[in-house]
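# Coordinates in review
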Amino acid sequence: MKVKKIISLILLISISIILVGCGNKSETTSQQNSNTQSNSTTANAEAYDKGYLEINDEEIKGMEKMNCTREATGEENSKVNLSYTLYYQGEYLQLLHSKEEVITDNQDILDEYQTAYINIYKHYENLEYYDTSVVRTKNSVTNDTVINYNKIDTEKLLEIEGEEDNIIKDGKVKLEDWLEFAEQFGTKCE
């Protein structure tokens, strides 16, 4: 039974890595490597204070927005919320905001997810424009990631993630490629 639980956890985290190149930092703090900052006119101050990342309006000016979600089953009746906000211009994805939340009263499960997110993020922590925050509350862990594909060094990102099966082509991410890839894992977009 424990092996099944570990395999399920690894599978969920692996899928998350594939979709966003996941990452994180620590308990209720955020790791911000670039210019993704809170904008007081649009940011939810309470969420930002808890470590959630916000996107500056200037950063997404002139971009179109698409919201996506994915269903997942959590361990031992835990609830999982997976959402992705895509900002794009023309055929290219410019900025991806991913939120992955695991909700449960089981502290062992929360510990596993928090530790896994932190360990994944260690690979990305020095990569500018790959910003991550892990927020832990008494009954949830949220991994909040913003990847600015317009500014990130895609060569360094590919060094971390590998080029095989990666949707980065010629230093850019086509929106259609991301949607097609994410759809394979049950992601639905508006």
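Scroll up to find the structure this text is about.
Because the structure is a prediction, the values reported are computed rather than measured.

## Details of a negative patch on the surface
Taken together, the side chains of Asp 153, Glu 155, Glu 159 and Glu 163 define an acidic patch exposed on the protein surface. Inspection of the secondary structure puts Glu 163 in the loop between helix 4 (154-161) and strand 7 (168-169). For Glu 163, a relative accessible area of 63% corresponds to the exposed category.

## What to know about the state of the cysteines
Applying the stated criterion to the full structure yields one disulfide. A disulfide bridge connects Cys 68 with Cys 189, and the sulfur atoms are separated by 2.0 Å. Judged by the sign of its S-S torsion, about 105 degrees, the bond between Cys 68 and Cys 189 is right-handed. Residue Cys 68 is found in strand 2 (residues 64-70), and its partner Cys 189 is found in strand 9 (residues 187-189); the two are separated by 121 residues along the sequence. In this structure Cys 68 comes out as buried when scored by relative accessible area, which is 2%. The partly exposed category is assigned to Cys 189, whose relative accessible area is 33%.

## With respect to helix 3 (residues 107-121)
In this model, helix 3 (15 residues) spans 21 Å end to end at C-alpha, consistent with the 21 Å of a helix rising 1.5 Å per residue. Considered for burial, the residues of helix 3 that qualify are Ile 109, Leu 110, Tyr 113, Gln 114, Ala 116, Tyr 117, Ile 120 and Tyr 121. Projected onto a plane normal to the axis of helix 3, the buried residues spread over an arc of 165 degrees and lie on a single side. Looking at where helix 3 begins, the residue whose side-chain oxygen comes 2.9 Å from the main-chain nitrogen of Asp 108 is Asn 106.

## Side note on the pattern of salt bridges
Opposite charge on two side chains lets them pair, provided their charged atoms get close. Taken as a whole, this structure holds two salt bridges when the rule is applied. Among the ionic pairs, Asp 111 bridges to Arg 136, the shortest N-O distance being 2.9 Å. Placement of Asp 111 in helix 3 and of Arg 136 in strand 5 (residues 130-136) is noted, with a sequence separation of 25 residues between them.

## Details of the nonpolar core
Membership of the largest hydrophobic core comes to 27 residues, with the highest contact counts inside it found for Leu 86, Leu 96, Tyr 130, Tyr 149, Ile 152, Leu 157 and Trp 178. Elements represented by at least two residues in this core include exactly strand 2, strand 3 (79-89), strand 4 (92-103), helix 3, helix 4 and helix 5 (175-183). Among the elements that take part in this core, strand 3 stands out by supplying five residues, more than any other.

## Quick look at the side chain of Arg 70
Along the chain, the position of Arg 70 falls in strand 2. Glu 100 is the oppositely charged side chain nearest to the buried, salt-bridge-free Arg 70, at an N-O distance of 5.0 Å. Here the side chain of Arg 70 touches Tyr 84 through a polar contact of 3.2 Å, side chain to side chain.

Rules behind the numbers
Residues numbered from 1 in each chain as written. Predicted model: local features only at pLDDT ≥ 70, side-chain atom pairs only at ≥ 80, totals over all residues. Heavy atoms only, no water. Patch = residues over 30% accessible without salt bridge, like charges linked within 9 Å, V, L, I, M, F, W, Y side chains within 5 Å. Areas by Shrake-Rupley, 256 points an atom, 1.4 Å probe, with all protein chains shown as cover. Salt bridge = Lys/Arg side-chain N within 4 Å of Asp/Glu carboxyl O. Lys, Arg positive; Asp, Glu negative; His and termini not counted. Charge placed at Lys NZ, Arg CZ, Asp CG, Glu CD. Helix = DSSP H or I, 4+ residues; strand = E, 2+ residues; numbered from the N terminus. Buried < 20%, exposed > 50% of the residue type's maximum accessible area, 1.4 Å probe, protein only. Disulfide = S-S within 2.5 Å. Expected span 1.5 Å × (residues − 1). Arc of directions from axis to C-beta. Polar contact = N/O pair within 3.5 Å; in protein donor to acceptor, adjacent residues only side chain to side chain. Core = buried A, V, L, I, M, F, W, Y, C linked by side-chain atoms within 4.5 Å.

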